[in-house]
Amino acid sequence: MSFPSEVRVYIGRMSQFTRVDWLVYVSWVGLMLGLVASTGGFLLVGHLHGVSFTAEAWLVPLGAALFTLSIAIDTVGHRTIYKEEISGAEGLVHGITIFCGITSCVLLTAAYNHPRGLWIPAMVLTVLSVVYSLVDEAFHWRRYVRQYSDRVEMWSHVGILLGHSVMMLGWWCWFFQGYGGVAETVRHLGAAP
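Residues numbered from 1 in each chain as written. Predicted model: local features only at pLDDT ≥ 70, side-chain atom pairs only at ≥ 80, totals over all residues. Heavy atoms only, no water.

Trainee: Help me out: how do you make sense of the overall build of the chain in this one?
Mentor: When helices and strands are tallied, the chain shows 8 helices and 0 strands. Sequence-ordered secondary structure for the chain, helices as α and strands as β, is α-α-α-α-α-α-α-α. Here the C-alpha atoms of the chain give a radius of gyration of 18 Å, agreeing with the 16 Å that 2.2 N^0.38 yields for 193 residues. Along the first, second and third principal axes, the C-alpha atoms of the chain reach 50 × 30 × 30 Å. The burial tally for the chain puts 42% of its 193 residues in the buried class. By sequence separation, contacts in the chain at least 24 residues apart represent 78% of the contacts at least 6 residues apart. (Helix = DSSP H or I, 4+ residues; strand = E, 2+ residues; numbered from the N terminus. Rg over C-alpha atoms; globule rule 2.2 N^0.38 Å. Buried < 20%, exposed > 50% of the residue type's maximum accessible area, 1.4 Å probe, protein only. Contact = heavy atoms within 4.5 Å.)

See the structure below:
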């Protein structure tokens, strides 16, 4: 079977979703779409008001978009064909990865106002999210080698790792460069600096 056909079959499994599967899927993918919209929208508002951002700042919504597209595909398999396999240790790893990833983004955002107090926990959580993503990859490769996984799931994980890494590395570079353009954009949004 060709890879595009495999993708169609993989995504077609959404027809097997229960109400709970849809709730989990829409919540998870929706949360990540919110990250794309909020970071990209913030930069776009600034840009439209003449604010100049570094290239690294633009990598945040671009990486988030790739991450979101990849999890939108990957989660279909997680809620259907791989649901039983993932329900044990791998599910716990997913939960830890998601917790560390979301918390790192929240703290990195809050570090704009409190850089000295928040950058270290934000960095630790970022590193932990990457470490647990790699632990998750070990589960996926083990399943793939045993022929309990497919190319679509594996390629979606390449997109997940690439998108998350680009987003977070871009975000950290932007932070260490002093979050250039943020204060000006916040003023244009009518919020207090």
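Trainee: Would you explain the packing of aromatic side chains in this entry?
Mentor: Aromatic rings in a pair are described by how distant their centres are and how their planes are angled relative to each other. Inspection of every chain in the model, using the stated rule, returns 14 aromatic pairs. An angle of 90 degrees between the planes, with centres 6.1 Å apart, marks the rings of F53 and W58 as edge-to-face. The exposure class of F53 is buried, given its relative accessible area of 11%. A relative accessible area of 28% places W58 in the partly exposed class. Between W119 and F176 the ring centres are 5.7 Å apart and the planes differ by 75 degrees, which places this aromatic pair in the edge-to-face class. One end of the pair, W119, is in helix α6 (residues 115-145); the other, F176, is in helix α7 (residues 151-176), and 57 residues separate them in sequence. Among the aromatic residues, ring-to-ring pairing joins F53, W58, Y112, W119, W172, W174, F175, F176 and Y179 into one connected group. (Phe/Tyr/Trp six-rings, centres within 6.5 Å; stacked < 30°, edge-to-face > 60°.)

Trainee: When you look at the packing of helix α2 (residues 19-48) against helix α3 (residues 55-79) in this model, what are you seeing that I'm missing?
Mentor: The description of two helices packed together rests on the angle between their axes and the distance between the axes. Put simply, α2 and α3 touch, their axes get as near as 9 Å, and they point 170 degrees apart. By the angle class used here, α2 and α3 are roughly antiparallel. For the contact of α2 with α3, a count of residues per class yields 21 nonpolar, 5 polar and 2 charged. (Axes fitted to C-alpha atoms, helices over the stretch in contact; angles between N-to-C directions. Parallel < 35°, antiparallel > 145°, perpendicular 65-115°, else oblique. Nonpolar A, V, L, I, M, F, W, Y, C, P; charged D, E, K, R; others polar.)

Trainee: Quick question: what am I supposed to make of the nonpolar core here?
Mentor: The nonpolar side chains of soluble globular proteins are, as a tendency, buried together. Within the largest apolar cluster, 25 residues are counted, with the highest numbers of intra-cluster contacts made by F53, L108, M167, M168, W171, W174 and Y179. Mapped onto this core, the elements with two or more residues apiece are α2, α3, α5 (89-110), α6, α7 and α8 (182-188). Ranked by residues supplied to this core, first place goes to α7 with 6 residues. The residues touching L108, leaving out its near neighbours within four places in the chain, are A122, M168, W171, W172, F175 and Y179. Of all hydrophobic cores here, the second largest spans 15 residues; its members include M32, I71, V152 and I160. (Core = buried A, V, L, I, M, F, W, Y, C linked by side-chain atoms within 4.5 Å.)

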